[in-house]
Each structure stands twice: as C-alpha cells, then as structure tokens.
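What follows is each chain in one-letter form.
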Amino acid sequence: MDVLDTDWLILGGGAAGIMAAIRAKELCPTCRVTVIEKANVQRSGCLAAGINAINAYLNPGETAESFLSYVKAEFANLVRDDLVYTLAERLNEMTDRLVEWGLPVFRDEQGRYLRRGRASVQINGEAIKPLMAAALHQCGAEVLNHRVATDLIVIDDRVVGALVLNLADGSFTAVRAKGVLIATGGVSGIYGPNAGGAARHKQWYSPFNAGTGLAMAARAGAELTSLEMRFIALRVAHTMAPTGTLAQGVRTPHINRLNAHYLNDYTYEQVAPTTAERLWATLQEEKKGRGPCYLDTRGLTSEQGERLQKAYLSMCPTQVLQWSDAGKRPEEMPVPITGSEPYLVGGHGMAGLWIDERRRTTVTGLYAAGDAAGGAPKKYVTGSMAEGAIAAETFFNEIQDWREPRPDAWQIAVCAALQRARQPLEPKEDSTKGNCENNNKSQIRRLEEQLQAVMDRWAGGRPAGYEYDAKGLLRAQQEVDYLIEAGREIKASEAYELMRVHEVWDRLLLARLLLAHMLYRQESRWPVYQSRLDYPARDDQRWRIFVNSRIPAQNTVTKIDLEIIERPPVDSHGRDGQTALSSFGGGAA
Amino acid sequence: MTLLINSQRCRRCGGHPRCADVCPGNLLVLPERGHIVSREPDDCWDCGACIKVCPQQALAVSLPPEAGGQGSTLRAKQIAGKIRWTLEHPDGRLETIDL
C-alpha cells in the first residue's frame, strides 16, 4: 500500500478546507499541504450549484460583538461565544478574499457590497466553487480528488494521519501527517427526505455529506457537541430551495392557505421571530389546518421576477423548473414553503465537533472547521472559511510538537484501519458478480432507508412534527442498535459501493450518538430543532449547558459505548485561545 | 430520474468526461461503450454541475414527478465564461436566460 507524507492534511475540499489550505501555504510556502476530496473540489459539497448571498458579513455599523449578540439571540442564548466572536472578526476578510478571487458582488451607490439583510450581502455566486477551486490550485496545495478518508490513524492518543480510499481504482493510501483537519461538512440522510422515489435526493443540504469526518473523529475519541440541536430549514416545498432569496432578497410576506399574513399572529421571545420561530409559526399553521403556507411573490414586478429566476439559477436551478412546470412566472404564483428534513450541520446550527477557540478538537493533532465544527451557528460560507484559516494558523503554531510515529505502531494502526475499511469487500458466497452488485446497491439503500424510517417515526422526524419523547427515543435506540449489527453484513464489490457502505455505517453511528444527546437534554430549548413532548419548557437553570458525547476509543470495533459529558456555557471570548481550552476541564456526567 | 441524458448527443469526451469528474456524488460513469450513465439515477441532487460542463449539451435537469415535475427541462451552455440557460417549458416553448 502507498504511503504519502504530508504536513497539513485537510479532509474535505469545501469552503473551510480550501481556506485552510490557502492559509497554510501563505504561512509556510514550502510545507506540504494535501486536500482529500470525495468528489472534485471544482463542484463538490454544499456549494455545488452556487449561492446567491454571503450570509455572514459585517455590514457597516455591525461589529464582531454585534454579530455575536445576533447569533446568541437566534439560538436561545446558548452558543460558544469564543467561537462565534473569533470567526466574526474574520468574516469581512474572507468576503474580500472571495471578491479578490473573482466572485461577482453587487455594490450600492457608495461602492460598498450591496446589503441583503443584517449580516448578508448579495452576490452572483453561481461559480463560487470553481473560483475557490482555482484559488486552491493556485496556492500550490496538493489536491487529491475522488478520494475518501475512511478512518484516522491514531497512535498514543494523537492523530497522525488518515487512511484514504481512491474511488477511481479502489486502492488505499496511508497518509502520514503532522496535523489533520476535519472539514468534511455536516450530515444529511439520517432522517428521511421530504419526498421519495426519484425525488429522494431533492434535499436542501448535500445528500453526499454523510458525516464521514464526524464519525471518524468520534471513533478516534473526539468529543462532539449539541447534536440534539438538529437544524431544520424553512424551504420551498418540493424543490427544497432556500427561502432567504425571497424573504430577505425581495421581502415577500408569509401567507397561509387563506391568504392571511400569519407571522404576526404569534408571540416570540423578542419582537421579531428568529429563523427557528418563523419555521415554528409555519408548522403551527400547518397543524391548525391553515397550510400549506407560502411566500407571496404576487405583486413583484416582472423585472423582480426575472431577477429571482437568475438568483435561483445561481444556487438552486430546479426552483426555476417549479415555476415553469406550473406555467407561471415567479411574480404570478406564491411559493409553497415547509420544513426540511433535519440535518446535523455546524454552519447553520450547533451540532458538530467540540473545538477550542483555536479550532482544535479534544484529540491532539486533530482540528475541525466549517459545518463539521459545532458551537458556532450561522457561520455559513465565510465563517467556515474563517475557521479553516484559524485552524491552519493554530497548526503551524504547534507543528514543533510533532514527533514521527514509531514505525511499528504506525504499521499496526494502519493495518487495523485497513482491515475495517475493507471488511465489506469480503466475497459473498453463492452469488454471481452481476447479481451481487445489484444486490449490494439495494441492500445499502435499504439499510439507509430503514435508519431514516426509524428516526422519522421515533426521533422527531418530519412526519412526527419534529417532536419526540423519551419513550420514542429509547425505541429508536434499540432499532438503530439492531441496524448497526445488521449493517455489518452489507457487502461491496467495488470502490463506489465500499464508500456507500461506509457512509451508511457513519450515518448509523451518528444517529446513535444523536439519540443519546436527544435523550439527555431534558428540556425544549430550541423551537422545532430540539422540542420534547415530555419536557416542553425551556429550563435555563439546569440546561444552559452544552451536551457533549464521546466514544471511548477502545470500544469502537465491537460495541458503541458512549459517554455523555456536560460542558458549562462559554460566555466570554478571550483573545489568547485559553478561554475555551480551559472549558475542556468539564466533568463527565 | 431527474438528470436527462441525451444518448445521441453524448460524445464520450475522449474517455474523460468532465460531467463525471465534477459530479459531487460521483454518480456519473462512462461504460466501455456508449454514452455516459448514472449509476444511481434517483441519487442525483439536481445541482446542475454536470450540465454546465457538457460541451454537447447532452445533459438536462428536470423535476421528478414526485416533486411536482411536469416536463420542464433546463440545459446550460458556457459562453465566454458565462452561462446561458435554456429553459424548455412543458409546451415546448424555449426561454434563454443569461447569467
């Protein structure tokens, strides 16, 4: 098996990973920086279709402090202040970098970026990913496309590399690195999609983000935080297209089936509803029989309608098909809205790896940024980039601590990772190759759909109105444990199938961790995202804490035995990186 | 299936098709003979990455009936670094939109 030596190994070539590579090459042009990408950095991850706004930017008058206040208000006063503040300080630098790379941005009369919302500016971001990819190639980092990491290599409690599968030929490479960044994005596919059949991947978040990085970090003993704060988006029904383009971009009102403006019929924690409260109010209307709800585009000018079409072609092209299929222009038909399937995504919500202010996980040598990192919601593209940059800076501050792993220990660790990675490849008896391939595919998909059915029914999926109780969660735990066992028998005949098996395994593991988090937090803190039928009230006295989990490393092969850890709130943002690090001292619950 | 593949237009791109290279789900594969195929048509995310790089406009995206699709399609062509979209309405009417 090939062995590749690098300094800074980045898993995932999205916004966070690309910026982590570029910053690393700025800091150390002679260092070897390697990006492992599951698809091709050109169009991989959530930004594949583009994006039409930068949603984390400090418009004139805003500061890192005011951004933090806004994020705290949106998330029931429980976010990692240190993380939000330190990324907020870098948001405009990241936006400027994107513009420097060629991102077309709209400007106002004063030449400033055109404001769309409080923390948002309007762009033409259809090509945001190709532009980022060009900057990545330009910086001199090594980019390995169509490769997936299956496990981290851990020796003496330190991450020293990763095992990587090449999807083109099924070969494996052991990558030895002085530091590893998890920038693999969030997790979709734990819950069932809004529609089935040929629309099963008609999801808002990338269906190809399987939580691989979170799962491998968990197996390596890293701590995860706030998984119970699932992110559920208010999206266009059927297309799952983002709604900010309508609600923020052209200020369309929310109406129900009876044409009534329902948002003002509810009371909110503050005067204006938060993102979660707008979703909650819409779901209330559905429950009361006044759904479906809409964003009312009628009354827009035809010019605004045309601009809307272009905005969606730059981000979610199928929204344009929805208007065309209905035989209407955007300004002639209100757009139906509803809740998405739940996701674990650190860029929008709280779920992800527990990191310190300098973006270090709880395992030495392992860093995290972007959607894979928890505690700092609403970071979006530019916040993810900021985290990638901070992680790279931290890595180079610590590079002198690195010691080459002992060859025998390296060999043993790589062999163990390889054995686990290749396990589904064992030949299946009594099958011809052709039948075997089809059979594998359907078994992989069936297992994934079984997981989604369990989570939807018992763990607050969309069909259950996103709500749940302890009884259901315990039932779900039992069923997921069964699926984890059953999943060990799934086979793969080639590299793509092997990747798919690992994706389902990773989703199962994360579902199991998610259920433990959901069970542990005995309150309802975040409307819709974390809403319990058996503990319907918010309890700041007891639960204004972070719920974290960790798998003791010795138990990863045979049995999932996890530990829940309570962490106190982090209400300050020190500038030397010590504030959050000290919070790692929290005790096990 | 929401990605429509026009088998007549696909020219295999010398055995290294850009569409397969850029698909974020690694879904497109080129068999030894014939045109590009999707290994799991229902797993397409409809992001449009593939249709933007196809030099033959052999690929189009549509909404599946499960998501309310009624036959409209979108094709894309790169012209001087910009994208020209062609929207075909269910009645066959064509509309071009330049980004």
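From a predicted model like this one, the values you see are computed outputs, not experimental measurements.

### Some words on the overall build of chain A
Turning to step 1, where the next piece is worked out: Across its full length, chain A holds 17 helices and 22 strands.
Turning to step 2, where the next piece is worked out: Relative to the 2.2 N^0.38 estimate, which gives 25 Å for 589 residues, the radius of gyration of chain A is 23 Å and therefore close to what a compact globule would have.
Turning to step 3, where the next piece is worked out: Overall size of chain A, expressed as C-alpha extent along the three principal axes, is 70 × 55 × 55 Å.
Turning to step 4, where the next piece is worked out: Classification of the 589 residues of chain A by burial places 64% in the buried group.
Turning to step 5, where the next piece is worked out: Once local pairs closer than 6 in sequence are excluded, the contacts in chain A between residues at least 24 apart make up 75%.
Turning to step 6, where the next piece is worked out: Total accessible area on chain A stands at roughly 20,800 Å², and carbon and sulfur atoms take up 48% of it.
Turning to step 7, where the next piece is worked out: With 68 positive and 71 negative side-chain charges, chain A shows a spacing of 2 Å between the two charge centroids.

### Considering helix α10 (residues 318-325) of chain A
Turning to step 1, where the next piece is worked out: Across the 8 residues of α10 of chain A, 8 count as buried, placing the element largely inside the fold.
Turning to step 2, where the next piece is worked out: Every buried residue of α10 of chain A is listed here: Thr-318, Gln-319, Val-320, Leu-321, Gln-322, Trp-323, Ser-324 and Asp-325 of chain A.

### What about the domain arrangement of chain A?
Residue and element names in this part refer to chain A.
Turning to step 1, where the next piece is worked out: The assigned domain composition of chain A is domain 1 (2-230 + 342-408), domain 2 (234-339) and domain 3 (434-567).
Turning to step 2, where the next piece is worked out: Using only C-alpha atoms to locate each centre, domain 2 and domain 3 end up separated by 31 Å.
Turning to step 3, where the next piece is worked out: With 10 residues of domain 2 at the contact, the number on the domain 3 side is 7 residues.
Turning to step 4, where the next piece is worked out: In total, domain 2 and domain 3 occlude about 680 Å² of area from one another, counting both sides; carbon and sulfur atoms represent 59% of this.
Turning to step 5, where the next piece is worked out: Where domain 2 meets domain 3, there are 2 salt bridges.
Turning to step 6, where the next piece is worked out: With a closest N to O distance of 3.4 Å, Glu-467 and Lys-287 form a salt bridge.
Turning to step 7, where the next piece is worked out: Counting across the domain 2 and domain 3 interface gives 5 residue pairs in polar contact (both at pLDDT 80 or more).

### Focus: the sheet that holds strand β6 (residues 120-125) of chain A
Residues and elements named next belong to chain A.
Turning to step 1, where the next piece is worked out: Read across the open sheet, the 3 strands follow the order β4-β6-β5; overall the sheet is antiparallel. Edge positions in the sheet fall to β4 (51-54) and β5 (115-117), since each has one partner strand and no second. Within this sheet the neighbouring strands show an average axis-to-axis angle of 50°, counted without direction.
Turning to step 2, where the next piece is worked out: Note that β5 and β6 share 2 bridges and pair antiparallel. Note on β6: the bridge partner recorded for Arg-115 is Val-121.

### Brief notes about the state of the cysteines
Each disulfide consists of a covalent bond between the sulfur atoms of two cysteine residues.
Turning to step 1, where the next piece is worked out: The full count for this structure, using the stated rule, is 1 disulfide over all chains.
Turning to step 2, where the next piece is worked out: Across the disulfide, Cys-28 of chain A is cross-linked to Cys-31 of chain A (sulfur-sulfur distance 2.1 Å). Measuring handedness by torsion sign, the sulfur bridge of Cys-28 of chain A and Cys-31 of chain A sits at about 70° and is right-handed. Cys-31 of chain A carries the same exposure label as Cys-28 of chain A, and that label is buried.
Turning to step 3, where the next piece is worked out: A disulfide-free cysteine, Cys-293 of chain A has its sulfur positioned 20 Å from the sulfur of Cys-316 of chain A, the nearest such atom.
Turning to step 4, where the next piece is worked out: Take Cys-10 of chain B: it sits in no disulfide, and the sulfur closest to it among the cysteines is that of Cys-19 of chain B, at 6.5 Å.
Turning to step 5, where the next piece is worked out: Overall, Cys-10 of chain B belongs to the buried group, its relative accessible area being 17%.

### Re unusual backbone geometry
Turning to step 1, where the next piece is worked out: The omega torsion across Gly-291 of chain A and Pro-292 of chain A is 0°, close enough to zero to call that bond cis.
Turning to step 2, where the next piece is worked out: Position of Pro-292 of chain A among the secondary structure elements: in the loop between α8 (275-287) and β15 (293-295).
Turning to step 3, where the next piece is worked out: One non-glycine residue, Ala-80 of chain B, lies in positive phi territory at about 45°.
Turning to step 4, where the next piece is worked out: The residue Ala-80 of chain B is located in the loop between β5 (73-79) and β6 (82-88) in this model.
Turning to step 5, where the next piece is worked out: Given a relative accessible area of 79%, Ala-80 of chain B falls into the exposed group.

### Observations concerning the pattern of salt bridges
Turning to step 1, where the next piece is worked out: As enumerated under the stated definition, the model contains 60 salt bridges over all chains in all.
Turning to step 2, where the next piece is worked out: With a shortest N-O distance of 3.3 Å, Lys-202 of chain A and Asp-46 of chain B are connected by a salt bridge. Here Asp-46 of chain B lies in the loop between β3 (37-38) and α2 (49-53) and Lys-202 of chain A lies in the loop between β11 (179-182) and α6 (212-219), a pairing that spans two chains. When sorted by exposure, Lys-202 of chain A lands in the same class as Asp-46 of chain B, which is buried.
Turning to step 3, where the next piece is worked out: Between Arg-544 of chain A and Asp-571 of chain A there is a salt bridge, and its shortest N-O distance comes to 2.9 Å. In this pair, Arg-544 of chain A is assigned in the loop between α16 (540-543) and β21 (546-550) and Asp-571 of chain A in the loop between β22 (563-567) and α17 (578-582), connecting sequence segments 27 residues apart.
Turning to step 4, where the next piece is worked out: Overall, Arg-544 of chain A belongs to the buried group, its relative accessible area being 16%.
Turning to step 5, where the next piece is worked out: Looking at Asp-571 of chain A, the relative accessible area reads 43%, which means it is partly exposed.

### Some points on helix α12 (residues 407-422) of chain A
All names here are of chain A.
Turning to step 1, where the next piece is worked out: Taking 1.5 Å of rise per residue, 16 residues should cover 22 Å, and α12 covers 22 Å from first to last C-alpha, within 8% of that figure.
Turning to step 2, where the next piece is worked out: Looking only at α12, the buried set comprises Ala-409, Trp-410, Ala-413, Val-414, Ala-417 and Ala-421. Along the axis of α12, the buried positions cluster into a sector of 125°, meaning they face one direction only. For α12, the exposed residues set more than 90 degrees away from the buried face come down to Ile-412 and Gln-419.
Turning to step 3, where the next piece is worked out: Where the residues of α12 are buried, they touch β1 (2-5), β8 (147-155), β9 (158-166), β10 (172-176) and α15 (495-520).

### Notes on the side chain of Arg-158 of chain A
Residue and element names in this part refer to chain A.
Turning to step 1, where the next piece is worked out: Following the sequence through the fold, Arg-158 ends up in strand β9.
Turning to step 2, where the next piece is worked out: Of the buried charged residues, Arg-158 lacks a salt bridge, with Asp-401 as the closest side chain of opposite charge at 6.1 Å.
Turning to step 3, where the next piece is worked out: Excluding its chain neighbours within four sequence positions, the residues that come into contact with Arg-158 are Ile-153, Lys-178, Thr-364, Gly-365, Asp-401 and Trp-402.

### A look at the interface of chain B and chain A
Turning to step 1, where the next piece is worked out: Each partner contributes to the interface: chain B provides 44 residues, whereas chain A provides 46 residues.
Turning to step 2, where the next piece is worked out: Taking both sides of the interface into account, the surface hidden between chain B and chain A amounts to around 3,800 Å²; carbon and sulfur atoms contribute 58%.
Turning to step 3, where the next piece is worked out: Applying the counting criterion to the chain B and chain A interface returns 8 salt bridges.
Turning to step 4, where the next piece is worked out: With a closest N to O distance of 4.0 Å, Arg-39 of chain B and Glu-494 of chain A form a salt bridge.
Turning to step 5, where the next piece is worked out: Across the contact surface, chain B and chain A share 19 residue pairs in polar contact (both at pLDDT 80 or more).
Turning to step 6, where the next piece is worked out: Elements with a contribution of two residues or more to the side of chain B that touches chain A: α1 (18-22), α2, β5, β6 and β7 (94-98) of chain B.
Turning to step 7, where the next piece is worked out: Of the residues belonging to the side of chain B that touches chain A, the class tally is 21 nonpolar, 11 polar and 12 charged.

Conventions we followed
Residues numbered from 1 in each chain as written. Chains lettered and ligands numbered in written order. Predicted model: local features only at pLDDT ≥ 70, side-chain atom pairs only at ≥ 80, totals over all residues. Heavy atoms only, no water. Helix = DSSP H or I, 4+ residues; strand = E, 2+ residues; numbered from the N terminus. Rg over C-alpha atoms; globule rule 2.2 N^0.38 Å. Buried < 20%, exposed > 50% of the residue type's maximum accessible area, 1.4 Å probe, protein only. Contact = heavy atoms within 4.5 Å. Areas by Shrake-Rupley, 256 points an atom, 1.4 Å probe, with all protein chains shown as cover. Lys, Arg positive; Asp, Glu negative; His and termini not counted. Charge placed at Lys NZ, Arg CZ, Asp CG, Glu CD. Domains from an automatic or database assignment. Buried area = accessible area lost by both parts, 1.4 Å probe. Salt bridge = Lys/Arg side-chain N within 4 Å of Asp/Glu carboxyl O. Polar contact = N/O pair within 3.5 Å; in protein donor to acceptor, adjacent residues only side chain to side chain. Pairing = 2+ DSSP bridges. Axes fitted to C-alpha atoms, helices over the stretch in contact; angles between N-to-C directions. Disulfide = S-S within 2.5 Å. Expected span 1.5 Å × (residues − 1). Arc of directions from axis to C-beta. Nonpolar A, V, L, I, M, F, W, Y, C, P; charged D, E, K, R; others polar.

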